[in-house]
Every structure is written in structure tokens, then in C-alpha cells.
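Close look at the chain arrangement
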Amino acid sequence: MASSTNIHTLPLFSFQKDQNLAPAQFIWPKEDLIQAQEELNAPVIDLAGFLSDDKAAIATAAELVRAACMDHGFFQVTNHGVDEAVIQAAEDEIDALFDLPTDEKLRLRRQRGSVWGYSGAHADRFAKNLPWKETYSFRFDHATGAEKKIVVDYFDTVLGKEFMKTALVYQIYCEQMNKLAMAIFKLLEVSLGVDAEQYYTKLFEEGTSIMRCNYYPKCDKPELVLGTGPHADPTSITLLHQDQVGGLEVFSENKWKFVRPCPNALVINIGDTFMALTNGMYKSCVHRAMVNSERTRRSMVYFVCPKEDLVLRAPEKVVEADGGRRKYADFKWADLYEFTQNHHRVDGATLDNFFRWLPSSPAN
Ligand SMILES: C=C1C[C@]23C[C@H]1CC[C@H]2[C@]1(C)CCC[C@@](C)(C(=O)O)[C@H]1[C@@H]3C(=O)O
Ligand SMILES: O=C(O)CCC(=O)C(=O)O
Ligand SMILES: [Fe+2]
């Protein structure tokens, strides 16, 4: 029990004092704190051949992706086309956001019902099992984000001109993430045999992605807290850059397994929306982020979302290949997003709960 632990050694977050958060709110149940003992087999796929349209390389990459997605939904990519200098510059800019004074962070905090802006441990949303992290999220519209310089415009409007360098770095980062995301959809289409009709590309080319910077301060009692609790991403695919500290873990084969940081690799994982779009063939796996007592950990997560008002359903060809029984009702991303922000704390059972809630939602 928290009371028996000397939790007052938990260092206070910069904002914690201002929001008089008791450290006990950060203590997670024992069953969520079981340590990982082995590494996840997340294949590292070299995309060079795929991106240069080499037929043999495309087939090899598609096979590796298919096997990983049918198993635990995680794989890593190298030679992915995102400049390493851009990734490093974006990682270096994270602290510009989290070194802001508390009153400025709270001016930028997310509003109820949306992900956009700053959040400190989600202390405004949840009463317990608070994540040991601060986050900052902003949007990137796939079709217009580049020409409209949407990230530069956002930072200029919300944070001010002194953030122009940060804005330019994340504008370029999001543009390159967007390009990679569309390439990943093509690879997924090949792996599922629906590349001719560009089935998935058409759902996402006018979508919006959530760009999120995660800042995980070090913690004196890392064995008691979680940087991000166990969850499956409700979105479609996630493109993650983690720094070299380590902490990402996936629940696979009934145990926690760590994803070793791999320099020059980005981690890609399947989310709930894409799992439903494959009739459950590709897995959206529960994962979490651990913290440590030595170093702050930083990650950048690009959550890809479809055009919010499109009706989402697995392609007939995939349902047939999966035995012919359609396992998910049709839905729209707008409704699943609304569910995660106003009706359900994202965890390992979001999608099941969503389909139980959907018929009652005013949208239906
Ligand atoms: C639609 C979303 C909800 C979350 C942000 C995006 C995609 C990932 C989700 C999240 C990060 C999963 C872990 C729990 C969560 C509450 C968080 O730690 O931020 C989730 C986000 C959210 O609900 O705001
Ligand atoms: O920071 C990480 O490594 C993972 C974070 C995550 O899973 C998320 O933000 O959805
Ligand atoms: Fe996640």
C-alpha cells in the first residue's frame, strides 16, 4: 500500500506543487508494475529497397511486416526516409516545451474533450494512476499541413514568435512523418493484398495526425510509477521515436517485453483503428512506458488518424481471407476519438467498450 512506502521521496513535478498533487496519485497497482524480463522480437525492417520500388525488397518487407503485425503489431524501420538530423533536432527541441514556467504550461494546457496542448500527468482528467509524464500535442493535416505550414502557424499563434525555431523543426518533422506514414500504409496494403485498390491510402490521405512530445522526468521510486500506463493506441498506426534511455514495453505472450532502443530506427505499431480495419488480423497490442531513477526519458509519437467522417470497415478481401465473418461494426474515427476524450480512459479494452457505447451515442 502506498502509505507504507516512503512516497514523499517522489520528487515533485514542476507543476505538482501548484496542483498539490499527492505522490500517492502516481502509485500504480502492483499488477501493473511487474518488471519485463525479456526483449520483444520487433523485427527491424530496412525500407531502402521498398522505398526505391525494388520488387524483391517490397515482398520481403511485406512478409516481415505481416508476421509482426499478426503477432504483436510492433516492428521497427531503418532507412525510412526521415532525416536523422531532423529527428535529432526535434528531440533537442522537446525541452523548449517542457522548460516553460508552470503558469505558461497551464496557459497552454489541453481543454476538456481534446488532446491539443500541454498536459501534466493528466492531473486535470484522472484522480489516480496518474502517468509520470508531461505531454504536448499538436495536429498535422495530411493533405494540407505542408502547404499551410500548419505547425508553424500553430506555434506562432499559440506560443509566439520566440518559438519560430521550434516551430520550423516540428513542421519539417511532421511533414517527413506524414510521408513515412503514407509509405507504411502502402506496405501494409501490399502485406494484405489490397494495394491495387489503395484501400487504406484512401482512408488516410485526408486524415489528421496527432504529434505528441512525451517528457518523462526521472523518479526516485521508479518501481512504483508508470510513465504511460498499459494501453493500446486507439489510433491507426503509431510512428515512435524513443531516445536511448529505454522504457517502452509491450505485453506479448502474457508477459511484458522491452523494446530496446535502436539508433536510426523508428518504432511502428498497429493501433485499434487499424486492427479493426484488418478484421482483427493485425494486432493492436497493449504497451506501456517505464521511467527510471537516473535519467529523464523523451519520446516523440506520431499518431496517424483517418479522415474523421469516413465510414471505417475492413476490406471484403481481408474479411474473406480471415474466414469471412466480419468481427467489427462500421465506425468513424470522430466517434472513437470522442469516446477516448469524454467517455473512456484509454486502456487495453478501449475498442470493446467503444462498440458497446456506440449504439447509444447521439451520433447514431
Ligand atoms: C486519441 C488519443 C488518446 C491518447 C492520445 C491519442 C492516441 C493515444 C492515446 C493515449 C496516449 C494512450 C495512453 C493513455 C492516454 C490517456 C495518455 O497517456 O495520454 C491516451 C491519450 C488521451 O486519451 O489523451
Ligand atoms: O513513450 C513511449 O515510449 C510510448 C508512449 C505511448 O505509448 C503513447 O504515448 O501512446
Ligand atoms: Fe501508445
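Computed from a predicted model, the values in this text were never measured in an experiment.

What counts, and at which threshold
- Numbers given for residues are sequential positions, taken from 1 along each chain in its written order.
- In the order they appear in the text, chains get letters beginning with A and ligands get numbers beginning with 1.
- Confidence filtering applies because this is a predicted model: local features only for residues at pLDDT of at least 70, side-chain atom pairs given and counted only at 80 or more, and all residues used for totals across whole chains, interfaces and linings.
- To obtain the side-chain values, all non-hydrogen atoms of the structure were included, while hydrogens and water were left out.
- UniProt positions are given in the numbering used here, feature names are shortened, and annotations may be inferred rather than shown by experiment.
- Only DSSP runs of H or I covering at least 4 residues are called helices, and only runs of E covering at least 2 are called strands; the numbering of each starts at the N terminus.
- Two strands qualify as a pair provided DSSP detects at least 2 bridges between them.
- Only nitrogen, oxygen and sulfur atoms count as donors, using a 2.8 Å cut-off from the metal that widens to 3.2 Å for Na, K and Ca. Water is left out, so coordination shells may look unfilled.
- Relative accessibility under 20% of the residue-type maximum defines a buried residue, over 50% an exposed one, and the middle range a partly exposed one, all with a 1.4 Å probe and only protein chains included.
- Any residue with a heavy atom positioned within 4 Å of a molecule or strand is treated as near that molecule or strand.
- Side-chain atoms alone can form a polar contact between residues adjacent in sequence; in general such a contact is a pair of N or O atoms within 3.5 Å, and within protein one must be able to donate a hydrogen while the other accepts it.
- For accessible areas, the Shrake-Rupley method is used with a probe of radius 1.4 Å. Any residue's cover is judged against the shown protein chains and nothing else.
- Residues are grouped as follows: Ala, Val, Leu, Ile, Met, Phe, Trp, Tyr, Cys and Pro are nonpolar; Asp, Glu, Lys and Arg are charged; all remaining types, including Gly, are polar.
- An axis is simply a line fitted to the C-alpha atoms; with a helix, the fit covers only the stretch in contact. Between two such axes, the angle follows the N-to-C directions and lies from 0 to 180 degrees.
- We call two residues in contact whenever any of their non-hydrogen atoms come within 4.5 Å of each other.
- Aromatic rings from Phe, Tyr and Trp, taking only the six-membered ring of Trp, are treated as a pair when their centres fall within 6.5 Å; an angle between ring planes under 30 degrees marks them as stacked, one over 60 as edge-to-face, and anything in between as tilted.
- Only lysine NZ and arginine CZ atoms are considered, and such an atom sits over a ring when it is within 6 Å of the ring centre and within 35 degrees of the ring normal.
- Between 65 and 115 degrees an angle is taken as roughly perpendicular, under 35 as roughly parallel, over 145 as roughly antiparallel, and anywhere else as oblique.

**Focus on the UniProt feature "domain: Fe2OG dioxygenase" (unreviewed entry) in the chain**
Here, the residues flagged by UniProt with the feature "domain: Fe2OG dioxygenase" (unreviewed entry) are residues 207-306. The span residues 207-306 carries 6% helix and 45% strand; its end-to-end C-alpha distance comes to 4 Å.

**So, the sheet that holds strand β10 (residues 255-258)**
An order of β1-β10-β9-β12-β7 is seen for the five strands of this open sheet, with the pairing classed as mixed. The strands lining the two open edges of the sheet, one partner per strand, are β1 (38-39) and β7 (228-231). Relative to strand β12 (residues 287-289), β7 runs antiparallel, the two being bridged by two bridges. For His231, the partnering residue across the bridge sits in β12 and is His287.

**Let's talk about the coordination of the iron ion (ligand 3)**
Taken together, His231 (NE2), Asp233 (OD) and His287 (NE2) make up the protein donors of the iron ion (ligand 3), found 2.1 to 2.2 Å from the metal. All donor residues of the iron ion (ligand 3) come from one chain, and their arrangement in sequence is H-x1-D-x53-H. Here His287 lies in strand β12 and Asp233 lies in the loop between β7 and β8 (237-242), a separation of 54 residues in the sequence. Each member of the pair Asp233 and His287 is classed as buried.

**Observations concerning the site of ligand 1**
Surrounding ligand 1, one finds 14 residues, the nearest of these being His122, Arg125, Lys133, Arg212 and Gln341. The side chain of Arg212 places a nitrogen or oxygen atom 2.6 Å from an oxygen atom of ligand 1. The contact in question runs from an oxygen atom of ligand 1 to an N or O atom on the side chain of Gln341, over 3.3 Å. With the chains in place, 96% of the 460 Å² that ligand 1 exposes on its own is no longer accessible. Only β6 (208-216), β7 and α10 (333-342) provide two or more residues apiece to the shell around ligand 1. Split into classes, the residues belonging to the shell around ligand 1 amount to six nonpolar, five polar and three charged.

**As for the sheet that holds strand β2 (residues 44-46)**
The strand order across the open sheet formed by eight strands is β2-β3-β11-β8-β13-β6-β5-β4, and the pairing between neighbours is mixed. Each edge of the open sheet carries a strand with a single partner, namely β2 and β4 (117-120). Between one strand axis and the next, the sheet turns through 25 degrees on average, direction left out of account. Contacting β4 and β5 (134-141), helix α5 (residues 150-158) crosses the sheet at an angle of about 130 degrees to β5.

**Digging into the environment of Gly247**
Summarising the element assignment, Gly247 is placed in the loop between β8 and β9 (248-252). Separated by 103 residues in sequence, Gly247 and Thr144 have C-alpha atoms that sit 34 Å apart. Ignoring sequence-local partners within four residues, the contact set of Gly247 consists of Gln242, Arg288, Ala289, Met290 and Arg297.

**Looking at the packing of aromatic side chains**
The description of an aromatic ring pair rests on the distance of the ring centres and on the angle between the ring planes. By the definition in use, this model includes 22 aromatic pairs. Residues Tyr328 and Phe355 carry aromatic rings whose centres are separated by 5.9 Å and whose planes lie at 45 degrees to one another, so their mutual orientation is tilted. Residue Tyr328 is located in the loop between α9 (316-321) and α10, and its partner Phe355 is located in helix α11 (residues 350-357); the two are separated by 27 residues in the primary sequence. Assigned by exposure class, Tyr328 and Phe355 land together as buried. Pairwise contacts between aromatic rings join Tyr328, Phe331, Phe339, Phe354, Phe355 and Trp357 into one cluster. Above the ring of Trp256, the side-chain terminus of Arg288 is found at 4.1 Å from the ring centroid. Sitting above the plane of the Phe126 ring, Arg345 keeps its charged end 3.9 Å from the centroid.

**Section: the site of ligand 2**
Near ligand 2, the surroundings consist of Asn214, Tyr216, His231, Asp233, Leu240, Leu248, His287, Ala289, Arg297, Ser299 and Phe303. Here Tyr216 contributes a side-chain N or O atom positioned 2.7 Å from an oxygen atom of ligand 2. Taking His231, its side chain carries an N or O atom lying 3.1 Å from an oxygen atom of ligand 2. Within the complex, 97% of the 300 Å² of free accessible area of ligand 2 lies under protein. Elements supplying a minimum of two residues to the shell around ligand 2: β6, β12 and β13 (297-305). Top element by residues in the shell around ligand 2 is β13. It accounts for three residues. Residues that form the shell around ligand 2 fall into these classes: five nonpolar, four polar and two charged.

**Structural notes on the pairing of β9**
Burial runs high along β9: four of the five residues are buried. Bridging between β9 and β12 involves three bridges; their strand directions are antiparallel. Within the sheet, the bridge partner assigned to Glu249 lies in β12 and is Arg288. Both β9 and β10 contribute to a ladder of four bridges, which runs antiparallel.

**Some thoughts on the packing of α10 against α11**
Between α10 and α11, whose axes approach to 10 Å, the crossing angle comes to 110 degrees. In terms of axis orientation, α10 runs roughly perpendicular to α11. Where α10 abuts α11, its residues Asp335, Leu336, Glu338, Phe339 and Thr340 lie against Thr350, Leu351, Asn353, Phe354 and Trp357. Taken together, the residues of the contact of α10 with α11 sort by class into five nonpolar, three polar and two charged.

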